[in-house]
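# Descriptive analysis of the structure
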Amino acid sequence: MPLPSPAGPSRAPRRGAVALAIAALTACGGGRADSQTPADRGPPDAPRRAATVATAQVDESRRTAIVRAVERVSPAVVSISVTARRRRSESPFDFFFIPQSRDQVVQGFGTGFIVRPDGIVVTNQHVVSGAESVIVTLPDGTELPASVVGEDPTTDIAVLRLQGPRFAVAPIGRSTDLLTGEWVVALGNPYSYLLGNSEPTVTAGVVSATERNILPSRDQTGLYLDMIQTDAAINPGNSGGPLVNALGEVVGMNSSIFSQSGGSIGLGFAIPIERALRVADEIVRNGRVRRAWTGVEVAGADAMEDWKRQGGVLVRSVAPGGPGARAGLRAGAVLVEANGRPLRNFLDWEAVKLDLHVGDSVELGVREAGRTVSRRLVTGDLPTVTAERVRLRQDIDLVTVTPGIRAERQLRSDGGALVVRISAAMADQLGLAEGDVIVGINRTPVTAAEEVREFLEGLQRGTAFRIYVERGGRYTYTDLVLR
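Since the model is a prediction, treat every value here as computed from it, not as a measurement.

Moving on: the overall build of the protein. Helix and strand counts for the protein stand at 13 helices and 27 strands. For the protein, with 483 residues in total, the buried portion stands at 45%. Considering only residue pairs separated by 6 or more positions, the protein has 60% of its internal contacts joining residues 24 or more positions apart. Here the protein displays about 24,500 Å² of accessible surface, and carbon together with sulfur accounts for 51% of that area.

Inspection of the entire model under this criterion finds 22 salt bridges. Linking D355 and R275 is a salt bridge whose minimum nitrogen-to-oxygen distance equals 2.9 Å. Residue D355 is found in the loop between helix 9 (346-354) and strand 18 (361-368), and its partner R275 is found in helix 6 (residues 273-286); the two are separated by 80 residues along the sequence. Given the relative accessible area of 30%, D355 is considered partly exposed. The exposure class of R275 is buried, given its relative accessible area of 4%. When salt bridges with common partners are traced through the structure, they connect D226, R341, R344 and D348 into a single cluster.

The description of an aromatic ring pair uses the distance of the two centres, along with the angle that the planes make with each other. Under the definition given, this model contains 2 aromatic pairs. Between F455 and F465, the ring centres sit 5.7 Å apart and the planes meet at 70°, which makes this aromatic pair edge-to-face. You can see F455 sitting in helix 13 (residues 449-457) and its partner F465 sitting in strand 26 (residues 464-471), a full 10 residues away along the chain. Judged by relative accessible area, F455 falls into the partly exposed class, the value being 24%. Judged by its relative accessible area of 2%, F465 falls in the buried class. Ring geometry for Y468 versus Y477: centroids 5.9 Å apart, planes at 50°, classification tilted. For Y468, a relative accessible area of 30% translates into the label partly exposed.

Here we come to the nonpolar core. In terms of nonpolar packing, the biggest core is built from 45 residues, with I80, F113, V136, L138, L160 and L162 touching the most fellow members. With residues up to four places along the chain from it excluded, the contact list for L162 reads D118, G119, V121, V136, L138, L144, P145, A146 and F167.

Next up on the list: the side chain of T83. You can see T83 is positioned in strand 1 (residues 77-87). Reaching out from T83, the side chain makes a polar contact with the side chain of Q107 at a distance of 3.3 Å. The contact partners of T83, leaving out residues within four places of it in the chain, are V105, V106, Q107, A131, E132 and S133.

Here we take up the pairing of strand 24 (residues 437-441). Taken across its 5 residues, strand 24 has 5 buried, putting it largely inside the fold. Two elements, strand 23 (residues 417-422) and strand 24, share 2 bridges in a ladder whose sense is antiparallel. For L418, the partnering residue across the bridge sits in strand 24 and is V437. Pairing geometry for strand 24 and strand 26, over 4 bridges, is antiparallel. Note that in strand 26 the partner of I441 across the bridge is I467.

Counted at 1.5 Å a residue, the expected span for helix 6 with its 14 residues is 20 Å, and the 20 Å between its end C-alpha atoms agrees. Where helix 6 is concerned, the buried positions are I273, R275, A276, R278, V279, A280, E282 and I283. Among the residues trailing helix 6, G287 stands out with phi positive, at a value near 80°.

As paired elements, strand 14 (residues 296-298) and strand 15 (residues 313-318) share 3 bridges and run antiparallel to each other. Directly across from V298, in strand 15, lies its bridge partner V315. Where strand 15 lies against strand 16 (residues 334-338), 2 bridges are found, and the strand directions are antiparallel. Bridge pairing in strand 16 places V313 opposite L335.

Cut-offs used in this document
Residues numbered from 1 in each chain as written. Predicted model: local features only at pLDDT ≥ 70, side-chain atom pairs only at ≥ 80, totals over all residues. Heavy atoms only, no water. Helix = DSSP H or I, 4+ residues; strand = E, 2+ residues; numbered from the N terminus. Buried < 20%, exposed > 50% of the residue type's maximum accessible area, 1.4 Å probe, protein only. Contact = heavy atoms within 4.5 Å. Areas by Shrake-Rupley, 256 points an atom, 1.4 Å probe, with all protein chains shown as cover. Salt bridge = Lys/Arg side-chain N within 4 Å of Asp/Glu carboxyl O. Phe/Tyr/Trp six-rings, centres within 6.5 Å; stacked < 30°, edge-to-face > 60°. Core = buried A, V, L, I, M, F, W, Y, C linked by side-chain atoms within 4.5 Å. Polar contact = N/O pair within 3.5 Å; in protein donor to acceptor, adjacent residues only side chain to side chain. Pairing = 2+ DSSP bridges. Expected span 1.5 Å × (residues − 1).

Have a look at this one:
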């Protein structure tokens, strides 16, 4: 919202809504009648005309930039209701064949916005994770079933599709020219399950900062990089809703907050709209996101002091034959710039990678042997994307760990079976998660994904066994019983 211009010596003072209202009352006879002669009062209908003009001025003064922005975007904002099923387990040893009667139905809620008139909706991936059914409610109260087109946990973005006539579409802006301190509006449906209304709610604030990188937490699956920070209140149920500028254009997707209570404390974060739409477009066209691979492992959160001392990002290893190796990078080099962006720490490097396509080139500034040189890196496909998958009971996808996958995932193990997909129900039962590497079963090392399937298919029901797993650079094990 622009600030009012200062009044010059010859400029009449600005009249606010309160002043205009007082003027309207006075024009309607609020002053002393005996102080005016009939000639002073003008025509008989003059007070009525003056009141009408003053009322119109008051109404216009209420229609701020925020009001107009909300009017532009709100027809395309939807409420999302999700039904998911979580398998309840009374014992960590339960496995595979748990009766359906012991499943638990869980309700979830969030927000989304329509980006194409044929019914394409974008929202956060964590809103629809594990969904069995999704119902979208339009601002007028119409409820429509939605199908999940695809999800990308890394960027926390998902795409839904609605069936029906042409839908209202949210106007799209740019996050790249946002100014710190300018007005923004967050639209969403916080605690929608407690309210009977379907139209979105509105909170207003300013852009607190841009290009914010959030350090990953233990339970965080997505990468929240180059985020827009705002003090506009973002509460449970707002996830996936639009962050809008004063022009009524969507500049981000509300996704996360910092809070100890669970409610807003003025530290909210939104995904830049350019990233949200790029990922959504790939999901619509391909059903998944092709993640660019650099084949370079850099020092991470455990090397905070190194960032300051090195003045950049230290390369720890380079995958043999990978894109980094082909660009001439070596372990021990320091990345100081990527596509003109200074690299202060590993999150800056991750932010650059997150928005790369397969086949994109990256112009790197590299310091090695006391001098800074330029290197051109061309990204490739992730090894896990091109690897052959082994599927177990439609619930788990495994791939064999190769040198490229080991470098991509920064694994300690030379071999094993990497879990690249696992259903929520099976994750609850097995205690496994995406990214785990099965390195052994009982006393036998696992060198390939196919070995895990052969072992499980050969077991009799009731057989107990132990799975050894690498997770986060550490080794652990789980005891299971085939039910």
